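Overview (structure and organization)
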Amino acid sequence: MKGFELRRWVGGIGLPVLIVVSLWSTPSLAIDFRVQSDTIGQGYQIITLNGDILKRHRLNQFLSLSAFDITGDGSNRVSFSSSFHVDSDFGISDRDMERVDQLRNHDMALMFGYINVNRWADMIDLRLGRQLLIDDMDFTMMDGLRTVVHTPWHLGVEVYAGAESKNAGYIGTITSTQLESDGGGGGSDEVDDELALVFGGSLMLEDLTNHHGKIGYRRIQTMDSDVDGERVFANYHVRILPQLHIAASAAWDFVIADVSDVLATIRAPGIAKLVDIELSYWRLIPTFEGSSIFNVFAIEPMNDIDARVRFHLGPGISTYVGGYLRLFRNDPDNNDEGVEDVVKDMGARAGGQVRFGRRGHVGLDVTYQQGYGDLTILDFGGTYNLNDNLWQLNGRLTTVIFDDELQENLNGTSFGVQLGARYEPVDSTRIHLMTELNTNRFETLQFRVLGMVELDFWL
Amino acid sequence: MRHTTRYAIILLGAALVVGFAIAGSVNPLATPPKARPFTPSPVIFPDQEIPLRFFHDKHLAEDMDCTDCHDAAETSVRSSDILVPVGLEGEETCANCHDMEEGADADPPSACSTCHTDAYKPTFPDGVARHETDKALNKPASMVFPAPRLKMNHKIHVDNKIACSTCHGDLKDVQVATRDNALPLMGKCLECHDGSTAPSECRTCHVSRADGRLVSTYGTELLKPAGHYRMDAHDDNYLKTHAQTARGDEAYCSQCHEENYCLKCHNGVSRPLKIHPNNWILIHPVSARRNNPTCTSCHRLQSFCVDCHQRSNVAHTETYGTQGNGNGYSKLKYGGFHPAGWVDDIVKKGSVRGPRHHSFQAKRNIRACASCHVEKTCARCHSMTAQSGNFGFYKGQGISPHGVGFSGSRKCKALIRTNKRMCVKCHSSSDPLLNNCR
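Every value quoted in this text rests on a predicted model; they were computed, and no experiment measured them.

Cut-offs applied
Residues numbered from 1 in each chain as written. Chains lettered and ligands numbered in written order. Predicted model: local features only at pLDDT ≥ 70, side-chain atom pairs only at ≥ 80, totals over all residues. Heavy atoms only, no water. Helix = DSSP H or I, 4+ residues; strand = E, 2+ residues; numbered from the N terminus. Buried < 20%, exposed > 50% of the residue type's maximum accessible area, 1.4 Å probe, protein only. Contact = heavy atoms within 4.5 Å. Salt bridge = Lys/Arg side-chain N within 4 Å of Asp/Glu carboxyl O. Polar contact = N/O pair within 3.5 Å; in protein donor to acceptor, adjacent residues only side chain to side chain. Nonpolar A, V, L, I, M, F, W, Y, C, P; charged D, E, K, R; others polar. pLDDT = per-residue confidence, 0-100. Disulfide = S-S within 2.5 Å. Pairing = 2+ DSSP bridges. Patch = residues over 30% accessible without salt bridge, like charges linked within 9 Å, V, L, I, M, F, W, Y side chains within 5 Å. Areas by Shrake-Rupley, 256 points an atom, 1.4 Å probe, with all protein chains shown as cover. Core = buried A, V, L, I, M, F, W, Y, C linked by side-chain atoms within 4.5 Å. Phe/Tyr/Trp six-rings, centres within 6.5 Å; stacked < 30°, edge-to-face > 60°. Lys NZ or Arg CZ within 6 Å of the ring centre and 35° of its normal. Lys, Arg positive; Asp, Glu negative; His and termini not counted. Charge placed at Lys NZ, Arg CZ, Asp CG, Glu CD. 1 Å grid on protein atoms, 1.4 Å probe; cavity = no way out; pocket = protein on both sides within 12 Å on 5 of 7 lines; lining within 4 Å. Points joined across faces, edges and corners; volume = space filled by probe spheres on them.

1. A look at the overall build of chain A
- When helices and strands are counted, chain A shows three helices and 22 strands.
- When each of the 459 residues of chain A is scored for burial, the buried share is 54%.
- The contacts of chain A with a sequence gap of at least 6 include a subset with a gap of at least 24, amounting to 47%.

Here is the structure:
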């Protein structure tokens, strides 16, 4: 076993298992253990522009081991959570192997693994280990320490620091590119495995019924102090009236020295117990890692306005109509001929749903998009529960009418069917099976099958 | 941007958060409107059956105390406790005032129909008086009060001198008190459970598992937010809008969901069918070209998109080595995929670009480019330095992608200050052009 793999197994499996087993074997502590396992098997096809069919067979396994209330006093003050992922590619023909060589792997990843201390001294949360950071910047994995101090003045203070865990030369993680279902990390110029530090913090409103907000800062930098990402961001939600909410968030990106992301939403739910209204605006400039030259090219923001009105017509019966307008500005400095100042993309959608109590539901959605290709989708689906949820059956019929001036070879009408079933014999076990059949101008029969077994045990 | 400006932005934001915290502690909705805009969740308070007439308004008008009838509330420590008089034992409580022997002639009226609905017609054996209800041959329909899916300790509230009307409202205009007109909404609880007056953690009241997360599944029923207090209604569109709530307050979501729940979709392993309809591979270009931000919440452009596109010959592989079956470049020659005018030599044409020139697309939606092309594709023309490719080194053509006014601009300075590696991918480190941005 190579040193790299040895470290992987010791650090990835050995240490967490050792912690769990040692805690388990301590008879004096009433610790709650949880074991979750998801096994996902998939078989599907990718068609190439040459007309070749590339068959894909994959098996993904997730194992989560957790221990709660480690101190055994019923407070759940200290806990441990971890999740592992094993990815296997198999059953590929020799001919296909030439094209997917980098996909044949049996990589294992530690998705997350941390020790959590909850409300230490009634005001401090600590989380140490590999963990997920989610905020207005993005989601990032970090090997480090996060601390949240809950003050008595409706304010929480969060500070964190650690090493960004992505493709680093040890056990993989959620953001490892080699674990993406059809990626392999081979397409990019280089696999980014440089050690980077991530640190930041936030100030957040806490325990207010009608106000929620946060301002935060995060920086990711290499050991050479080159910045991979740096943002300051803020979000705020206020419930102005019992049925009127306003939320807004914005982020300033220091790499491109611009506002990279603005999202504002108004929502009025349950007006006269009949109508929900949702209106949102999104302004976005795509950003990449600090070393990417793609940051140079992205100048013009996307401006998107989206509206949706939902009508509650009766118990379990609702319909909706909505639409969006997305505007892209062209280079304002150009002196070119025949270039529109603004490129428009717009669409509309409508649909409805009928629920039959706990038995299930059926729904119809119609979507039309215009601007980057005309696209019409008619989607009819439903769910039916049998034997008090022992079985759940799902079905979906889709018709797609596609007219793309840029890729005319894709134009046409296609049909698809999805059929699925879920069997839940006991609370701790779920078995899913789904098949998808598509027919389009490239393939008379495209087949996909997905099976999943979910296990969830408390010990 | 200088450090002082950065710190100023952070300090300004911090000041705003503190300001909002102070403003927020003055609750504008502390006194709810008289007519409630919504009612408590039937998952928390399952449907009750109350086949009785009752007049809280008349009882309160007689200056009765709540505990005259609901005395059990003073000592109750569980939400499953029945706090109303029920059955023959409960009837004795009513009989303290209602003289059933006198019946309809009593004051207050005490006939069977005074309290029981018309559906109940009691019959008695011969010789048994009507007020001897324990000897009735038929019994009235029982009241059903399913245990709420909450933790509730009335005793603590009573001991803390919290009046019944604080939570249940003023019932002086109410007849039969039901879930929909007398049980408190969560917002009412949060007026005191604010983290300082009383604990604010969700599990203080909601039933939780050993890991501290809330129990959200009750048989075939699912407890999920209705969106009354946040923009988190788990409705038919929430799958597409949940990011705003999750990004704003991850800890809030984690009250119910563990990381594994998020990863079922976000780890990129299995394709969530609610997001991707049938024939998705065929139609996904439209969504991607719309600069759809949701794509990158699960997929990474330079691995997932580029890899699959190269493998399936959608993207040419000329600048990348031998990955692929080798005929990608020959079949999809440079510009062959894109429409005419995509890569017009604007130097020769006097800097005139047509509407389909790739530069417009790159400036407004570089993600679409990056889903097929790697940086070297761009550098091939835009670099001022030699670039390595499949067939050795070639000199970049030095076509500037920067717009008018870029040199010395705020963006130019920010790019070179934060990560100079980006600049030296196309410029030599000694390029005097970089001095304008340093």
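From this point, the narrative continues.
2. Concerning the overall build of chain B
- Scanning chain B from N- to C-terminus turns up 20 helices and four strands.
- When each of the 438 residues of chain B is scored for burial, the buried share is 38%.
- Sequence separation of at least 24 residues holds for 55% of the intrachain contacts in chain B that already meet a minimum separation of 6.

3. What about the interface of chain B and chain A?
- The interface of chain B with chain A comprises 134 residues on the first partner and 173 residues on the second.
- Linking chain B with chain A are 16 salt bridges, by the criterion used here.
- Where chain B touches chain A, the interface holds 42 residue pairs in polar contact (both at pLDDT 80 or more).
- Sort the elements by how many residues they give to the side of chain B that touches chain A and helix 1 (residues 3-25) of chain B lands first, with eleven residues.
- Here the residues of the side of chain B that touches chain A sort into 53 nonpolar, 44 polar and 37 charged.

4. Comments concerning the confidence of the model for chain A
- With 82% of its residues at a pLDDT of 70 or more, chain A has an overall mean of 83.
- Confidence drops under pLDDT 50 across residues 1-8 of chain A; counting only partners more than four residues distant or on other chains, this segment forms twelve contacts.

5. Focus on the state of the cysteines
All names here are of chain B.
- Summed over all chains, the structure comprises one disulfide over all chains.
- Sulfur-sulfur distance for the disulfide between cysteine 412 and cysteine 437 comes to 1.3 Å. Placement of the pair is cysteine 412 in helix 19 (residues 410-418) and cysteine 437 in the segment after helix 20 (420-423), with a sequence separation of 25 residues. For the pair cysteine 412 and cysteine 437, a shared accessibility class is recorded, and that class is buried.
- Of all cysteine sulfurs in the structure, the one in cysteine 262 sits closest to cysteine 253, which takes part in no disulfide; the separation is 7.1 Å.
- Distance from the sulfur of cysteine 423, which forms no disulfide, to the nearest cysteine sulfur (cysteine 437) is 7.2 Å.
- For cysteine 423, a relative accessible area of 13% puts it in the buried group.

6. Considering the pairing of strand 18 (residues 374-386) of chain A
Residue and element names in this part refer to chain A.
- Of the strand pairs in this sheet, strand 17 (residues 360-370) and strand 18 are connected by ten bridges, and their pairing is antiparallel. Counted as the bridge partner of aspartate 365 is aspartate 379 from strand 18.
- The antiparallel hairpin formed by strand 17 and strand 18 contains three residues in its connecting segment, where glycine 371 sits at a positive phi of about 135°.
- Bridging between strand 18 and strand 19 (residues 391-403) involves 13 bridges; their strand directions are antiparallel. If you follow threonine 383 over to strand 19, its bridge partner there is asparagine 394.
- Linkage of strand 18 to strand 19, two consecutive antiparallel strands, is achieved through a turn of four residues, within which asparagine 387 is found at a positive phi near 50°.

7. Description of a nonpolar patch on the surface
- A contiguous nonpolar surface patch, about 600 Å² in accessible area, is contributed by Ile240, Leu241, Ile246, Ile266, Leu279, Ile305, Leu325 and Met346 of chain A.
- Along the chain, isoleucine 266 of chain A falls in strand 12 (residues 258-271).

8. Focus: the nonpolar core
- Counting residues in each nonpolar core, the largest one holds 26 residues, and the members touching the most others are Phe288, Phe294 and Phe297 of chain A together with Ile366 and Leu415 of chain B.
- Secondary structure elements with two or more residues in this core: helix 3 (294-297) of chain A together with helix 14 (301-311), helix 17 (366-370), helix 19 and helix 20 of chain B.
- Setting aside residues no more than four positions away along its own chain, leucine 415 of chain B makes contact with Val255, Ile256, Asn295 and Val296 of chain A together with Phe406, Lys420 and Met422 of chain B.

9. Observations concerning helix 13 (residues 280-289) of chain B
- Among the ten residues of helix 13 of chain B, seven are classified as buried, and the element is accordingly described as predominantly covered.
- Along helix 13 of chain B, the residues that are buried comprise Trp280, Leu282, Ile283, Pro285, Val286, Ser287 and Arg289 of chain B.
- Looking at the packing, one finds that the buried side of helix 13 of chain B touches strand 17, strand 18, strand 19 and strand 20 (412-426) of chain A together with helix 16 (358-364) and helix 17 of chain B.
- Positive backbone phi, at 60°, marks asparagine 291 of chain B, one or two positions downstream of helix 13 of chain B.

10. Section: the pattern of salt bridges
- Applying the stated criterion to the full structure yields 44 salt bridges over all chains.
- We note a salt bridge from aspartate 211 of chain B to arginine 209 of chain B, for which the minimum N-O separation is 2.7 Å.
- Given a relative accessible area of 7%, aspartate 211 of chain B falls into the buried group.
- Given the relative accessible area of 25%, arginine 209 of chain B is considered partly exposed.
- Ionic contacts of the salt-bridge type, sharing partners, join the residues Arg267, Asp276, Glu278, Arg308 and Arg310 of chain A together with Asp235 and Asp236 of chain B into one network.

11. Thoughts on unusual backbone geometry
- A cis amide bond links aspartate 107 of chain B with the next residue in sequence, proline 108 of chain B, at an omega value of 5°.
- As for its placement among the helices and strands, proline 108 of chain B is situated in the loop between helix 4 (87-95) and helix 5 (112-115).
- Positive phi is not limited to glycine here, since asparagine 76 of chain A has a value of about 50°.
- Overall, asparagine 76 of chain A belongs to the buried group, its relative accessible area being 9%.
- A positive phi angle, close to 60°, is found at aspartate 63 of chain B, a residue other than glycine.
- For aspartate 63 of chain B, the location among the structural elements is in the loop between helix 2 (56-61) and helix 3 (66-69).
- Accessibility expressed as a relative area gives 70% for aspartate 63 of chain B, which makes it exposed.

12. Here we look at the packing of aromatic side chains
All names here are of chain A.
- In this structure the tally under the stated criterion is six aromatic pairs over all chains.
- Judged by centre distance (4.6 Å) and plane angle (35°), the ring pair of tryptophan 391 and tyrosine 423 falls under tilted. Here the residue tryptophan 391 occupies a position in strand 19, and tyrosine 423 occupies one in strand 20, the gap between them amounting to 32 residues.
- Residue class for tryptophan 391 comes out partly exposed when judged on its relative accessible area of 33%.
- Overall, tyrosine 423 belongs to the partly exposed group, its relative accessible area being 28%.
- Across the ring face of tyrosine 114, the terminal group of arginine 127 is positioned such that the distance to the ring centre comes to 4.1 Å.

13. What to know about a negative patch on the surface
- There is a patch of like negative charges on the surface, built from Glu62, Asp63, Asp65, Asp68, Asp71, Glu74 and Asp107 of chain B.
- Judged by relative accessible area, aspartate 107 of chain B falls into the exposed class, the value being 75%.

14. Regarding the side chain of arginine 422 of chain A
- With respect to the secondary-structure elements, arginine 422 of chain A resides in strand 20.
- Side-chain polar atoms of arginine 422 of chain A contact the side chain of glutamate 424 of chain A, separated by 3.4 Å.

15. Thoughts on the environment of alanine 315 of chain B
Residues and elements named next belong to chain B.
- Tracing the backbone through its elements, the reader meets alanine 315 in the loop between helix 14 and helix 15 (328-331).
- Judged by relative accessible area, alanine 315 falls into the buried class, the value being 3%.
- When the C-alpha positions of alanine 315 and histidine 373 are compared, they lie 7.1 Å apart, and in sequence the two are 58 residues distant.

16. Thoughts on the pairing of strand 4 (residues 108-120) of chain A
Residues and elements named next belong to chain A.
- Within strand 4, ten of the 13 residues are buried, leaving the element largely enclosed by the surrounding structure.
- When strand 4 meets strand 5 (residues 124-134), the two strands line up antiparallel, connected through six bridges. By the bridge assignment, isoleucine 115 is partnered in strand 5 with leucine 128.
- Counted along the chain from strand 4 to the antiparallel partner strand 5, the turn is three residues long, and its residue alanine 121 has a positive phi close to 55°.

17. Observations regarding empty space enclosed by the protein
- For the structure shown, the criterion picks out four cavities of 30 Å³ or more.
- Taken as a whole, the largest cavity spans an internal volume of roughly 70 Å³.
- Every residue lining the largest cavity is counted, 13 residues in all, and those nearest its centre are Gln36, Ser66 and Ser81 of chain A together with Glu258 and Asn260 of chain B.
- Sort the elements by how many residues they give to the lining of the largest cavity and strand 2 (residues 53-68) of chain A lands first, with three residues.
- Tallied by class, the residues present in the lining of the largest cavity amount to three nonpolar, six polar and four charged.
- Of the voids in this model, the second largest cavity is the one considered here, and its volume is about 60 Å³.
- As for the second largest cavity, its lining consists of Tyr44, Gln45, Glu436, Asn438, Gln446, Phe447 and Arg448 of chain A together with Arg271, Asn279, Trp280 and Ile281 of chain B.

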